[in-house]
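Each chain, letter by letter, is given below.
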Amino acid sequence: MLYVVITYLWASILLYLLLGGADFGAGIIELFTSRKNKGVTRKTLYSAIGPIWEANHMWLIIAIVILFVGFPVIYTTMSVHLHIPLTVMLLGIIARGTAFTFRHYDAVEDDMQNLYNPIFAWSSFITPLFLGIIAGSAVSGHIDTKATSFLDAYIFSWLHWFAVAVGLFTAAICGFLASVYLIGETDNDHDRLRFAHKAQFFNIAAVLCGILVFAAAFAENIPLLDWVFGNWVGRIAILFATLSLVLMWYLLYQGRIGLLRPLAGFQVTMILITTTYRHFPNIVLLKNGGYLSLLEHSGHEKTVYTLGMALLLGSILILPALFYLIYSFQKKGASQAH
Amino acid sequence: MDDFIAARSQMALSLGFHIIFSCIGMVMPFFMAVSHYYYLRTNENVYKNVTKAWSKGVAIFFATGAVSGTVLSFELGLLWPEFMKHAGPIFGMPFSLEGTAFFIEAIALGFYLYGWDRFNKWFHWFTGVIVGVSGLASGILVVAANAWMNSPAGFDYVNGEYINIDPIKAMFNDAWFSQALHMTIAAFVATGFAVAGVHALMILKGNNVLFHSKSFKIAALFGCTAALIQPLSGDISAKDVAERQPAKLAAMEAHFHTEKSAALIVGGIPDEEKQEVKYAVKLPGFLSFLAHGDFSSEVTGLDRIPKKDHPPVAITHYAFQIMVGTGMLMMLVAAIYFLALWKKRDWLSHPLLFKLFVIATPLGFIAVEAGWTVTEVGRQPWIINGIMRTADAVTPMPGIVYSFYTFSAVYASLAVFVAFMLYRQIKMVGRLYND
Ligand code: HDD
Ligand code: HEM
Ligand code: HEM
């Protein structure tokens, strides 16, 4: 049952990265869109993600509940030492969620939109940035549970180049996912081309940030190269990710967009596999060489069992409904959304 | 302000904020479903307009409720890591089931909001009902977690260790039934009165009277029915508290001295130093009756409880008085409304009736906030009643004060924004729904 729970944890993180990520990315794209095209971007965005918008963000809640029920020590250690980035991320979530809703539901059309839009766009960038920082910090070995000074315990646990690079990388991935997603949602060639360019832009950004991650890891003595290339799973996943990257560029040039989405999803999945495989089961690495392990630091057996059952039961109820939701709005053409 | 107080205040603020949105998120879908049902039955356009206008309100509240809830699930760890380390695996069951309920709610809301004219109309209606049912289910489930803090169950506490953990037993703790019942009814009272009050105001102003009359009636019926039964469920809660948390009951009632045929104290200013209540009205024997169903029974006073385990008496007492007071007022309003419906039809269009509801607009939510203050402050100094002290649970990180200031500012501005948004929603009713 423990493995069932871990699978759910991993899957919710992946889904949050893919679906929530595409969502964040849509806001990031707005940041990089010229003023005259912003309106179209916004409209496409809304009709594309409106119906499943709430559902996309449930994955984060599922992940966090799994953590605090099943792996309380991991949850609390991260909560204590990464308090500040977690708080920033929360503020980002608040700002983004409410700005998104307000700008759509505000009954009066006036300059208030000029307030909501930048809040939405900037928080769409800051939230995944800090999500990445949190993820990066967890494995960077900078969390020092024995630290006595405020700076060591609560600031340098997350404020270092590696974490920041991972954060930027995450944000770039989000932008990339969103552009690829939106390519398929437009109804004219002009916008399609525009989103294709965005996809290329964010793809390059992601690759650059990826290089930055490796450089930072090297500078901070984090054996990232070994984690990624030191085992065959990592090597194969990276190979696949690279191949799909090449294929995507090719398809983009050909203007064949049908396969783009699955490929982008595939690529991000491969990246997550690479980065998590080698760590498993240790998802938090501490400064003193210690670690927190999903296998050793799980809750009591009975808790894990009931948690697993609850998740399985939930999936039976949720997944068909979710697929039907996505299916209905895909089929009926989301462009008619009100 | 020290960090411990800041952490408590931040928790209280976040929960106090969230509860407003969650009450509305739980109850509004039912109003919507009723009005939608009338529309499907009668084909009168006004019901469709009411449904659509409300569903926009629900979307705004849902999103705000969802983000504030997400914040809470992190805050539990950010502020109370020591508590979560031990409590998470024990009281986590309702949270993991709640996840399912939320998810279904979010999916159903997607169908509902975007499904107009796309699906079979009854299927579409039904998704709206699902939104309400799953919202209610999440509320009931999360209260199980809170009830567990009041009435810990499902584990053995031996030498500071939590062993023999049974999450199912923990979920079905003694306090769950009475709290969940009371909370669910409270959500209907609060939302019913708030919505009815806003529409009553619009009727008085003479704007879109047909639209607002229909809305008013649906909300008022829900709110008033719930307001009539709420005191009964409050009585169940009080008896429950008397059994499991005598200290909380004593604080609620400012009951300092253990005695038989204890008097119910109404109003008054408790003085914790001198152990007395000034300027109060005393109803002899009624406290015994309220707590144990017998006018002569003995009620434990604060004198039987070690000083270090006393909850703050004054706050708990005032909060309890406010809840009961507003509860009684709303019951009265409800009685008048039902009398009007039943015997005095001509009162139904009388401005005084609407004025009454306008005045009562915030009462339900005041009662909800007061009630939670009773429950939470009355449990102090414990975070897990009798097992773990709140002071031992707080995060070691210094500087929580700043976090509290930040969140206060954020919540304050959000509250302003949501109010502004609703104001604009209502202002536009005339233009958007003019057919
Ligand atoms: C509209 C809201 C509302 C109204 C009119 C009332 N209450 Fe209440 N009360 C609540 C809303 C509420 C609440 C916010 O929902 C609480 C907080 C925790 C809970 O379970 O319900 C609560 C808690 C609560 C508790 C503490 C329960 C616990 O700690 O387990 C008691 C003893 C009462 N109530 C009793 C009453 C009585 C005797 C009322 C008589 C009129 C009353 N309430 C009206
Ligand atoms: C939504 C309704 C709720 C409100 C308005 C509310 C209100 C409050 C208040 C006023 C406090 C501060 C008490 C004090 O320090 O004197 C508090 C503390 C707390 N509440 Fe609640 N509460 C609610 C529900 C819950 C639920 C459902 C949970 C958990 C599942 C919970 C968990 C806590 C925790 C962990 C604390 C901090 C420790 C403490 O002070 O006891 N609360 N809450
Ligand atoms: C007694 C107090 C509480 C009640 C009655 C309550 C009820 C609800 C309801 C009905 C919703 C759905 C929101 C909506 O439809 O607008 C919701 C959302 C949420 N609540 Fe609470 N809640 C309470 C306290 C808490 C606490 C203590 C936590 C966290 C530990 C929490 C976590 C959440 C989360 C994560 C969401 C967002 C899920 C979503 O998107 O629907 N809630 N709550």
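This section reports on the structure supplied with the text. Note that the structure is predicted; figures quoted are calculated from it, not measured.

**Details of the overall build of chain B**
Counting its secondary structure elements, chain B contains 15 helices and 10 strands. Against the compact-globule benchmark of 22 Å for 435 residues, chain B has a radius of gyration of 23 Å, which places it among compact chains. Seen through its C-alpha atoms, chain B measures out along the principal axes to roughly 70 × 45 × 40 Å. A separation threshold of at least 6 residues defines the contact pool for chain B, and within that pool the share at least 24 residues apart is 76%. In the form shown here, chain B has an accessible surface area of approximately 17,300 Å², with 66% of it arising from carbon and sulfur atoms.

**Some remarks on the coordination of the iron atom of ligand 2**
When only protein atoms are considered, the iron atom of ligand 2 has one donor, E376(B) (OE), at a distance of 2.2 Å. Summarising the element assignment, E376(B) is placed in helix α12 (residues 363-377).

**Focus: the site of ligand 2**
Residue and element names in this part refer to chain B. The full set close to ligand 2 counts 21 residues, and R8, L15, E376, R379 and Q380 are the nearest of them. A distance of 2.6 Å separates a nitrogen atom of ligand 2 from a polar atom in the side chain of E376. Q380 places a side-chain nitrogen or oxygen 2.7 Å from an oxygen atom of ligand 2. Listing elements by their share of the shell around ligand 2, those giving two or more residues are α1 (3-42), α3 (81-114), α4 (121-150), α12 and β9 (382-384).

**Thoughts on the packing of α1(B) against helix α14 (residues 400-427) of chain B**
Residues and elements named next belong to chain B. The N-to-C vectors of α1 and α14 enclose an angle of 20°; their axes lie 8 Å apart at closest approach. In this view, α1 runs roughly parallel relative to α14, as classed from their interaxial angle. Crossing of α1 over α14 shows left-handed handedness. Contacts between α1 and α14 involve D3, A6, A7, S9, Q10, L13, S14, F17 and F21 from the former and I400, V401, S403, F404, F407, S408, Y411, L414, A415 and V418 from the latter. Considering only residue class, the contact of α1 with α14 consists of 13 nonpolar, 5 polar and 1 charged.

**Considerations on unusual backbone geometry**
Residues and elements named next belong to chain B. Following Q380, the chain continues into P381 via a peptide bond in cis, with omega recorded as 0°. One can find P381 in the loop between α12 and β9. Even without being glycine, N43 reaches a positive phi, approximately 60°. Of note, N43 is situated in the loop between α1 and α2 (45-79).

**What to know about the side chain of S96(B)**
Note on placement: S96(B) falls in helix α3. The class of S96(B) is buried, set by a relative accessible area of 6%. In this view, S96(B) contacts V65(A), L307(A) and A310(A); residues no more than four positions away in its chain are not counted.

Definitions and cut-offs
- Residues numbered from 1 in each chain as written.
- Chains lettered and ligands numbered in written order.
- Predicted model: local features only at pLDDT ≥ 70, side-chain atom pairs only at ≥ 80, totals over all residues.
- Heavy atoms only, no water.
- Helix = DSSP H or I, 4+ residues; strand = E, 2+ residues; numbered from the N terminus.
- Rg over C-alpha atoms; globule rule 2.2 N^0.38 Å.
- Contact = heavy atoms within 4.5 Å.
- Areas by Shrake-Rupley, 256 points an atom, 1.4 Å probe, with all protein chains shown as cover.
- Donors = N, O, S within 2.8 Å, 3.2 Å for Na, K, Ca; no water.
- Near = heavy atom within 4 Å.
- Polar contact = N/O pair within 3.5 Å; in protein donor to acceptor, adjacent residues only side chain to side chain.
- Axes fitted to C-alpha atoms, helices over the stretch in contact; angles between N-to-C directions.
- Parallel < 35°, antiparallel > 145°, perpendicular 65-115°, else oblique.
- Left-handed = near helix turned anticlockwise from the far one by under 90°.
- Nonpolar A, V, L, I, M, F, W, Y, C, P; charged D, E, K, R; others polar.
- Buried < 20%, exposed > 50% of the residue type's maximum accessible area, 1.4 Å probe, protein only.

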